[in-house]
Amino acid sequence: MLQINYIRENTADVKKRIAKKNPKHAEAIDEVLKLDEETRNAKRDLENNLAEANQLAKKIGDLMKGGQKDEADKIKARTTELKELNKTLEEKQKQTEQQLFDLLITLPNLPHDSVPEGKTPEENLNIFEHGEIPKLLEGALPHWELAAKYDIIDFELGNKIAGAGFPVYKGKGARLQRAMINFFLDEATKAGYREIMPPNVVNADSGFGTGQLPDKEGQMYHIGIDDLYLIPTAEVPITNLYRDVIVKEEELPIKNAGYTPCFRREAGSYGAHVRGLNRLHQFDKVEIVQIAHPDHSYKILDEMVNHVKGLLEKLELPYRILRLCGGDMSFASALTFDFETYSAAQQRWLEVSSTSNFENFQANRLKCRFKNKDGKMQLVHTLNGSALALPRIVATLLENNQTPEGIKIPKALVPYTGFEIIN
RNA sequence: GGAGAGGUGCCUGAGUGGCCGAAAGGGACGGUUUGCUAAACCGUUGUACUCGCAAGGGUACCGAGGGUUCGAAUCCCUCCCUCUCCGCCA
């Protein structure tokens, strides 16, 4: 959530920057300022009256003690009057404040200056490429056919048990999942992250804290009977560990990582783009999350990007990094780098990681702060990145590493899988 | 699912309807002193909003929301959460 003070003091700049995400938001800024003005006026009136009422109440107390009951009763008349007045003022104040809040939470984070202009994924900036695009043999198969051929991932069985988008991993397919999760977690540990195993469901407060609610309400599975949400990413529970927390400045940065299954409804998805592992309702992911000092968050973002690079290079997959344009960025992000691997049989780039700096946008919702050197409370910056999401890595790996003998497992993973080839 | 207890500041914990933003202890921070891995003593130690150049005011907050009252942490109602016991169970 954007800070109202910041909007007030940097109106022109805010309008310009927010328009990069979507021009329609710039208009809302005027409305925000108008509501802010109204709210503060209403609050001032109310507070003046409350101050008077408080004083009178105190006076009445003193008079009563002194036995001057008649005097006290005279003043009481005025307090009764004030009370009536305050009821209306309070209502008005609450109402405008609520309107302001409701509008404020619909506004996305301001993009960083380095975010390119653009509305669609095609306008993302390709900033880095690594690895050779493999030349596959004649008759190379897409991963969903390989999955069937070697009987390692069963989409039909998933359909029967749960529905489309819930695959069943079998034998070496299941083992590969477990291997990758362990590999990613070990790498995160080596990079100084503390391993977290959080709940896989969260309450609405947590969903709000990281910005999924109310923005992505329809994208999360909701358990109505207990009013809980299945997590769409470990980012939600792990970042929310720090909701309503005042951290120590010297503890920053705080580095946590965790593996969880992720659940997404993906309402509205369809077609060839969602075949096989390309888009699932449930998938596995290791997420890295940092709570950072505002002065260092962009350096930390680089560090996280490098961590993800390292993973992809150890897996020997061709990848590229995109700097997302304003229109393709997520609601809460100030700067996002997407990682895509090239899946050779599909001849497509697949997004496997999204690594972002949220600056203080989440922190403002979470109320996660630290006391700075001047003794003032200051919001932290939050960052997170997929390191990594499994399904598309598996898709790329199956397709790119297929040989007539079977599918070769990258060296770095062999100690985890216990086998070198799927055949 | 059944029964009970409770939610107060960084923590523990007290609190008679006005003198309570809140005792006391602990912790943390600053200082004095004696000095060896420490003790004693003194002091400081809420957040948000708001008015003001500032000094300094004001308002709100004792789980949340209502109510009673001139006045509520304190009384009443509703809800939420946590804990304990029983049941069920990995």
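Draft legend 1. Quick look at the sheet that holds strand β17 (residues 402–403). Read across the open sheet, the three strands follow the order β17-β18-β19; overall the sheet is antiparallel. Two strands in the sheet have a free side with no partner beyond their single neighbour: β17 and β19 (421–422). In terms of strand pairing, β17 meets strand β18 (residues 406–408) through two bridges, oriented antiparallel. Paired with Thr403 across the two strands is Gly406, which belongs to β18.

Draft legend 2. Local environment of the side chain of Glu399. Residue position: Glu399 is located in helix α12 (residues 390–400). For the buried Glu399, which has no salt bridge, the nearest side chain bearing the opposite charge is Arg348, at an N-O separation of 8.1 Å. A distance of 3.3 Å separates polar atoms of two side chains, one belonging to Glu399 and the other to Ser343.

Draft legend 3. View of the domain arrangement of chain A. For chain A, the assigned domains are domain 1 (4–104) and domain 2 (121–422). Taken over C-alpha atoms, the centre of domain 1 sits 44 Å from the centre of domain 2.

Draft legend 4. Local environment of α12. The buried fraction of α12 is high, at eleven of eleven residues. All of the buried residues along α12 are Leu390, Pro391, Arg392, Ile393, Val394, Ala395, Thr396, Leu397, Leu398, Glu399 and Asn400.

Draft legend 5. Spotlight on unusual backbone geometry. The residue after Leu252, namely Pro253, is reached through a cis peptide bond having omega -5 degrees. Tracing the backbone through its elements, the reader meets Pro253 in the loop between β8 (246–247) and β9 (254–263). Although it is not a glycine, Asp227 adopts a positive phi angle of roughly 55 degrees. Assessed through its relative accessible area of 40%, Asp227 is described here as partly exposed.

Draft legend 6. Here's a closer look at the pairing of strand β10 (residues 282–292). β10 sits mainly inside the fold: ten of its eleven residues count as buried. By the bridge criterion, ten bridges tie β9 to β10 in an arrangement that is antiparallel. Each bridged residue has a counterpart across the sheet, and for Tyr259 the counterpart in β10 is Val286. Sheet analysis places β10 next to strand β16 (residues 381–389), joined by seven bridges and oriented antiparallel. In the sheet register, Ile288 faces β16, and the bridge partner there is Gly385.

Draft legend 7. Focus on the confidence of the model for chain A. Looking at chain A, pLDDT values average 92 and 99% of them are 70 or higher. Prediction confidence for the complex, expressed as pTM and ipTM, is 0.92 and 0.84 respectively.

Draft legend 8. Expanded view of helix α4 (residues 69–104). For α4, which comprises 36 residues, the first-to-last C-alpha distance of 50 Å matches the rise-based estimate of 52 Å (1.5 Å per residue) to within 8%. At its buried positions, α4 is contacted by α1 (4–9) and α3 (24–65).

Draft legend 9. Representation of the protein's contact with RNA strand B within the structure. Near RNA strand B you find 18 residues, and of these Glu47, Asn54, Ala57, Lys83 and Lys94 are the closest. Protein-adjacent atoms of RNA strand B, using a 4 Å cutoff, are sugar or phosphate at a proportion of 67%. Lys43 places a side-chain nitrogen or oxygen 3.3 Å from a sugar or linking oxygen of RNA strand B. Ala57 has a polar backbone atom sitting 2.6 Å from a base nitrogen of RNA strand B. Taken together, the elements giving at least two residues each to the surface near RNA strand B come down to α3, α4 and β14 (369–371). By residue number, the principal contributor to the surface near RNA strand B is α3, which donates ten residues. Residues that form the surface near RNA strand B fall into these classes: five nonpolar, three polar and ten charged.

Draft legend 10. A look at the nonpolar core. Among the nonpolar cores identified, the biggest contains 59 residues, and Ile153, Met180, Phe184, Phe339 and Leu388 are the most heavily contacted of them. With residues up to four places along the chain from it excluded, the contact list for Met180 reads Leu390, Ile393, Val394, Leu397 and Leu413. Judged by nonpolar contacts, the second largest core, of 21 residues, contains Val14, Val32, Leu35 and Leu110.

Draft legend 11. Representation of the sheet that holds β9. The mixed open sheet is built from eight strands, whose spatial order is β1-β11-β12-β13-β16-β10-β9-β4. A strand with exactly one partner marks an edge of an open sheet, and here the two such strands are β1 (125–130) and β4 (194–196). Taking the axes of each pair of neighbouring strands and ignoring which way they run, one obtains an average angle of 25 degrees across the sheet. With three bridges joining them, strand β13 (residues 348–357) and β16 adopt antiparallel strand pairing. Within the sheet, the bridge partner assigned to Asn357 lies in β16 and is Leu383. Running over the sheet, α12 touches β10, β12 (335–343), β13 and β16 and is turned about 30 degrees from β12.

Draft legend 12. Inspection of the packing of aromatic side chains at higher detail. Considering all chains together, one arrives at eight aromatic pairs under this definition. For the pair Phe128 and Tyr319, a centre-to-centre distance of 6.0 Å together with 35 degrees between the ring planes defines the contact as tilted. Of this pair, Phe128 sits in strand β1 while Tyr319 sits in strand β11 (residues 319–323), and the two are 191 residues apart along the sequence. According to the relative accessible area criterion, Phe128 is partly exposed, its value standing at 29%. Taking NZ or CZ as reference, Lys309 lies 4.0 Å from the ring centre of Phe128, over its face. Stacked on the ring of Phe208, the Lys or Arg Arg365 has its end atom at 4.3 Å from the ring centre.

The rules behind each value
Residues numbered from 1 in each chain as written. Chains lettered and ligands numbered in written order. Predicted model: local features only at pLDDT ≥ 70, side-chain atom pairs only at ≥ 80, totals over all residues. Heavy atoms only, no water. Pairing = 2+ DSSP bridges. Helix = DSSP H or I, 4+ residues; strand = E, 2+ residues; numbered from the N terminus. Buried < 20%, exposed > 50% of the residue type's maximum accessible area, 1.4 Å probe, protein only. Lys, Arg positive; Asp, Glu negative; His and termini not counted. Salt bridge = Lys/Arg side-chain N within 4 Å of Asp/Glu carboxyl O. Polar contact = N/O pair within 3.5 Å; in protein donor to acceptor, adjacent residues only side chain to side chain. Domains from an automatic or database assignment. pLDDT = per-residue confidence, 0-100. Expected span 1.5 Å × (residues − 1). Contact = heavy atoms within 4.5 Å. Near = heavy atom within 4 Å. Nonpolar A, V, L, I, M, F, W, Y, C, P; charged D, E, K, R; others polar. Core = buried A, V, L, I, M, F, W, Y, C linked by side-chain atoms within 4.5 Å. Axes fitted to C-alpha atoms, helices over the stretch in contact; angles between N-to-C directions. Phe/Tyr/Trp six-rings, centres within 6.5 Å; stacked < 30°, edge-to-face > 60°. Lys NZ or Arg CZ within 6 Å of the ring centre and 35° of its normal.

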